[in-house]
Amino acid sequence: MLVDKGQGSRELKLESISVDVVVVGGGLSGVSAALAAARSGASVVLVQDRPVLGGNASSEVRLWVLGATSHMGNNNRWAREGGILDEILIENLYRNREGNPLILDTILLEKVYAEDNIRLLLNTCVHEVQMEDEQQVGSVMAFCSQNQTRYSLQGAQFVDASGDGILGFLAGAAFRMGAESREEFGEPFAPSSEYGELLGHSIYFYTKDAGVPVRYHAPSFALQDITTIPRFRSFNAKDHGCKLWWIEYGGRLDTIHDSERIKWELWRIVYGVWHHIKNSGQFPEAETLTLEWVGTIPGKRESRRFEGDYMLRQQDVVEQRVHEDVVAFGGWSIDLHPGDGVYSPLPGCNQWHSKGIYGIPYRCLYSRNISNLFMAGRLISASHVAFGSTRVMATGSAVGQAVGTAAAICVREGLMPRDLLDASRMSRLQQSLLQSGVFLPGVRRNDKDDISASARLQASSSLTFTGFPQDGDWQVLDCSVAQMVPVHAGRFPGVTFELQTSADTDLTVQWRMSDRPDNQTPEIILHEQAFSLKAGVCQLFFECNLTLQDDRYLYLVLLRNESVSVPISNMRVSGILSLYNHINVAVSNYGRQSPPEGIGFDAFEFWCPRRRPGGRNLAITLNNGVPVFGSENLRNGVDRPHVMPNAWVADPEDPSPFIRLEWDEPQLIGSIELCFDNDFDHPLESVLMGHPEDRMPFCVHDLTVSDDRGNAIACLRDNHETVRYIHLTEPVETRTLTIALSHPSADVPAALFAVRCFKP
Ligand SMILES: Cc1cc2nc3c(=O)[nH]c(=O)nc-3n(C[C@H](O)[C@H](O)[C@H](O)COP(=O)(O)OP(=O)(O)OC[C@H]3O[C@@H](n4cnc5c(N)ncnc54)[C@H](O)[C@@H]3O)c2cc1C
């Protein structure tokens, strides 16, 4: 028993922790930074002031994680972020296809808990910084009210992933808050102060059907007059969660120091909106609905942005400018909001897309004046306009992974963040990121120690793409449709397909391509033909005499004609999609982007896939098959479709697909890396929005690796992950490695992006 007589002074317990990397903030960017640093061999402390991880993605706020795929509503194909973010979202899909935010919490906690190199401090708030000297952080102080303990956290490198930038602020790092003028970076989209210079906070609510009538008495502080919200007619009894992202407030206030005030106003609005839905009499369908959950922590969008050696700007995003030091990519639209938020008569957001993804340079990820301070998440070095795109969580996670990996390299080699700008060090950082599953536009993976490079590759079969069988339904051409066709340089293939017409009509068919081979905005019409069709079923042959200069995707476009139906195939193949010139208002896609003059965005059409279980390919036949799925793709250094499919795909008729690597001399093999197709086109929204499947239809589930004596040395069963590293318990000496895999389903042939082998 402890008896304290109340004599003498008392002090809180103080624990001193010394690590290589201190990460402040446990949102997705901080989690990714901590995981990346720890997996790269650094000891890490991750400090999060709330009870769970995830920041705005956690069950406390409940935002769905999004990034370059933009709900599949823009032209960024196969643009889901790889690496840690992919690992999290694929696991979330597998365990939680319904999108329950509590399950995502557990996945993030599990990932961090599983790393021996991470000490996680939850409910622990960083509030003080001690500097080693004027330019270098020495330690941070944090406090956990749950265990009444103060922590002194010393590190060599520090990562500020706290959203509001508590660490950078206290350390004296240069920062900004509010919007730049148009002149500063020559950004035509820079907003006026009349529109608003800061994005506000939001609070969400969830509802559920109790099955019996439920009364609702609003708290006295609830908003009484719903008409003070100019768009109040948009409320309905159905929408909840992040669909109501536009319940936003605080963009005219100090989004840090006025945060509690903003939260109260948001509570006032949320309870007022619910009062309106339950008690105005306008929503009889709400009679049995009850509030299930209301956020207690506002989701914060914007506050401080810190200055790095470079500030990303609108032109980098729109023109997809190339940076030698690219370490992450973005692709969400530039998405700014009116400062008055929900009280503004203006639309809740002003979103403009680029034609493709853009690279994020490393120079945006460390402070320009504090030598050992990295930044991750929404506070990176970007102008207010560019921040409108980089701020989303999947992009924040990609940035976090880059920062964590860089911090570990700095620790290992006794360097400071800026030192990694040296070309050979930058190349090592980029290669480390690629090795952990990240995709970087314009950078190929090149493992010097991958011994698969010296092997002869043999495949049981490789699909020569001749089109898709006509084994599905007919689909009315109520919207223009494009079938992507990957082709090598040379003559265009001729295409045959059937059509059903309900009346005599004219149909326009086109070949299109994208201006840049690495984009999927099919803006260039290469050849067009109008066909006069008689009512009934007919067969069309579409050809042209053009030749292509480079390998790339072509788009076979059938323009909208509601008298025509096109045949659909049930077959799906890695790296091929059908696209629709349709509308997705959730991301300001109205079929065509037509920006007003002078705001610095391109006009172009949107061509996007439909979500599964829809989104099937058109049944077409190519007169000359295109051999784009050969086994040489397995070692081309690109592990997702980009410019070309980059996948080895087996022939669907192959009863026992396999890949064999054969060397002249026996090799000692310690580990094998396999990259599967987990459909990087799918955004995998993490909460609220359910998905029709719990694993990606292209992902190989079962696989056996055998040595030259036919001994199975490794097996994967029921796989759902994107990258599998097989570490053999005993190294194996063998002249051949045979990887036998099963087709994922009768409609999807087996595919792999990469096989890599390493000595022990
Ligand atoms: C309403 C709303 C809608 C949005 N819509 C989307 C969307 O649909 N999809 C999308 O991807 N993004 C969306 N965003 C943007 C996105 O949520 C944020 O930009 C993103 O969360 C930023 O990530 P982060 O890791 O920098 O910050 P956060 O997610 O905020 O994480 C920072 C973490 O640091 C912690 N922290 C702060 N201070 C301290 C301290 N002193 N000590 C310790 N820990 C601290 C915080 O508790 C928090 O958990 C939206 C934002 C809002 C508010």
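Before reading further, recall that the structure is shown in the block above.
Residue numbering note: each chain is counted from 1, following its sequence as written. In keeping with the model being predicted, local features are shown solely for residues with a pLDDT of at least 70 and side-chain atom pairs are shown and tallied solely at 80 or more, while totals for entire chains, interfaces and linings include all residues. Side-chain descriptors were evaluated using all non-hydrogen atoms of the structure, hydrogens and water having been removed beforehand.

(A) Just the side chain of Arg-80, in detail. Secondary structure elements follow DSSP: runs of H or I no shorter than four residues count as helices, runs of E no shorter than two count as strands, and numbering proceeds from the N terminus. Relative to the helices and strands, Arg-80 is located in the loop between β3 (44-47) and α2 (83-95). Judged by its relative accessible area of 1%, Arg-80 is buried. Relative accessibility thresholds used throughout: buried, under 20% of the residue-type maximum; exposed, over 50%; partly exposed, between the two (1.4 Å probe, protein chains only).

(B) Quick peek at unusual backbone geometry. Pro-613 follows Arg-612 through a cis peptide bond whose omega is 10 degrees. Mapping Pro-613 onto the fold places it in the loop between β36 (604-605) and β37 (621-626). A positive phi angle, near 50 degrees, is found at Ser-70, a position not held by glycine. Structurally, the position occupied by Ser-70 is in the loop between β3 and α2. Positive phi values are uncommon outside glycine, yet Asn-646 reaches one of about 60 degrees. Looking at the element boundaries, Asn-646 is found in the loop between β37 and β38 (648-649).

(C) Spotlight on the site of the ligand. We call a residue near a molecule or strand as soon as one heavy atom of that residue lies within 4 Å of the molecule or strand. Around the ligand, a shell composed of 31 residues is seen, among which Ser-29, Asp-49, Trp-64, Arg-391 and Met-393 lie nearest. One nitrogen or oxygen atom from the side chain of Ser-29 is found 2.6 Å from an oxygen atom belonging to the ligand. Polar contact is defined as a pair of N or O atoms within 3.5 Å, subject to the rule that within protein one atom must be able to donate a hydrogen and the other to accept it, and that residues adjacent in sequence are counted only when both atoms are side-chain atoms. One of the side-chain nitrogen or oxygen atoms of Asp-49 is found 2.5 Å away from an oxygen atom of the ligand. Isolated, the ligand exposes 980 Å² of accessible area, and the fraction of that covered by the protein chains is 93%. Among the elements of the structure, α1 (28-39) and β5 (124-133) are those that each provide at least two residues to the shell around the ligand. Among the elements that line the shell around the ligand, the one with the most residues is β5, at three residues. When residues are sorted by character, Ala, Val, Leu, Ile, Met, Phe, Trp, Tyr, Cys and Pro go into the nonpolar class, Asp, Glu, Lys and Arg into the charged class, and all the rest, Gly among them, into the polar class. Grouping the amino acids of the shell around the ligand by side-chain chemistry returns 13 nonpolar, twelve polar and six charged. Computed with the Shrake-Rupley method and a 1.4 Å probe, the accessible areas treat only the protein chains shown as cover for residues.

(D) Seen up close, the pattern of salt bridges. Any Lys or Arg side-chain nitrogen located within 4 Å of an Asp or Glu carboxyl oxygen qualifies as a salt bridge. Counted under the stated rule, the structure contains 48 salt bridges. Across the salt bridge formed by Glu-184 and Arg-176, the nearest N and O atoms sit 2.8 Å from each other. What you see here is one network of salt bridges that share partners, running through Arg-176, Glu-180, Glu-184, Glu-302, Arg-305, Glu-307 and Arg-368.

(E) Fine view of the side chain of Asp-86. On the secondary structure map, Asp-86 appears in helix α2. At 2.7 Å, the side chain of Asp-86 and the side chain of Arg-80 are in polar contact.

(F) Spotlight on the packing of aromatic side chains. Here a Phe, Tyr or Trp ring, Trp counted by its six-membered ring, pairs with any other such ring whose centre lies within 6.5 Å, and the pair is stacked when the planes are under 30 degrees apart, edge-to-face when over 60, and tilted otherwise. Applying the stated criterion across every chain yields a total of 20 aromatic pairs. Measuring from ring centre to ring centre gives 5.9 Å for Phe-221 and Tyr-271, while their planes differ by 85 degrees; the resulting arrangement is edge-to-face. With Phe-221 in the loop between β11 (205-209) and β12 (248-249) and Tyr-271 in helix α6 (residues 259-279), this residue pair connects regions lying 50 residues apart in the sequence. Since its relative accessible area comes to 32%, Phe-221 is described here as partly exposed. Looking at Arg-304, its charged tip hangs above the ring of Phe-169, at a distance of 3.9 Å from the centre. Sitting over the ring of Tyr-310, Arg-363 keeps its end group 5.0 Å from the ring centre. In this analysis the charged atom, NZ for Lys or CZ for Arg, is taken to sit over a ring once it is within 6 Å of the ring centre and within 35 degrees of the ring normal.

(G) Expanded view of α1. In this model α1 runs 16 Å from its N-terminal to its C-terminal C-alpha over twelve residues, within 8% of the 16 Å that 1.5 Å per residue would give. Of all twelve residues in α1, eleven are buried, a share of seventy percent or more. Those residues of α1 lying buried are Leu-28, Ser-29, Gly-30, Val-31, Ser-32, Ala-33, Ala-34, Leu-35, Ala-36, Ala-37 and Ala-38. Looking one or two places after α1, you find Gly-41, whose phi comes out positive at around 100 degrees. Here the expected span of a helix is defined as 1.5 Å times the quantity of residues minus one.

(H) Structural context of the sheet that holds strand β26 (residues 505-513). Strands sit in the order β27-β26-β30-β23-β32 across an open sheet of five strands; the sheet is antiparallel. Of all strands in the sheet, those with a lone pairing partner are β27 (524-533) and β32 (578-580), marking the two edges. Strand-to-strand twist of the sheet, defined as the mean angle between neighbouring strand axes without regard to direction, takes the value 25 degrees. Only strands joined by at least two bridges in the DSSP assignment are considered to pair. Of the strand pairs in this sheet, β26 and strand β30 (residues 552-558) are connected by four bridges, and their pairing is antiparallel. Interaxial angles span 0 to 180 degrees and are taken between N-to-C directions of axes, which are lines fitted to C-alpha atoms, for helices over the stretch in contact.

(I) Just the nonpolar core, in detail. The criterion is simple. A nonpolar core is a set of buried Ala, Val, Leu, Ile, Met, Phe, Trp, Tyr and Cys residues joined through side-chain atoms within 4.5 Å. Leu-153 and Leu-674 are the most contacted members of the largest nonpolar core, which has 143 residues in total. No other element matches helix α9 (residues 393-413), which puts eleven residues into this core. If near-sequence neighbours (up to four positions away) are discounted, Leu-153 is found in contact with Ile-17, Val-22, Val-45, Val-47, Leu-121, Gly-138, Ser-139, Val-140, Ala-142 and Phe-158. One finds Val-495, Trp-511, Val-649 and Phe-753 within the second-largest nonpolar core, a separate group that totals 46 residues. Working rule for contacts: check all heavy atoms of both residues, and any pair within 4.5 Å makes them a contact.

(J) Fine view of a nonpolar patch on the surface. Patch membership requires over 30% relative accessible area and the absence of a salt bridge. Like charges are linked within 9 Å, and nonpolar side chains (Val, Leu, Ile, Met, Phe, Trp, Tyr) within 5 Å. A grouping of Phe-169, Leu-170, Phe-175 and Met-177 is seen on the molecular surface, where their side chains present a nonpolar patch of about 310 Å² in accessible area. Tracing the sequence through the fold places Leu-170 in helix α4 (residues 166-171).

It is worth stressing that arrangement in space is one thing and function is another; only the former is reported here.
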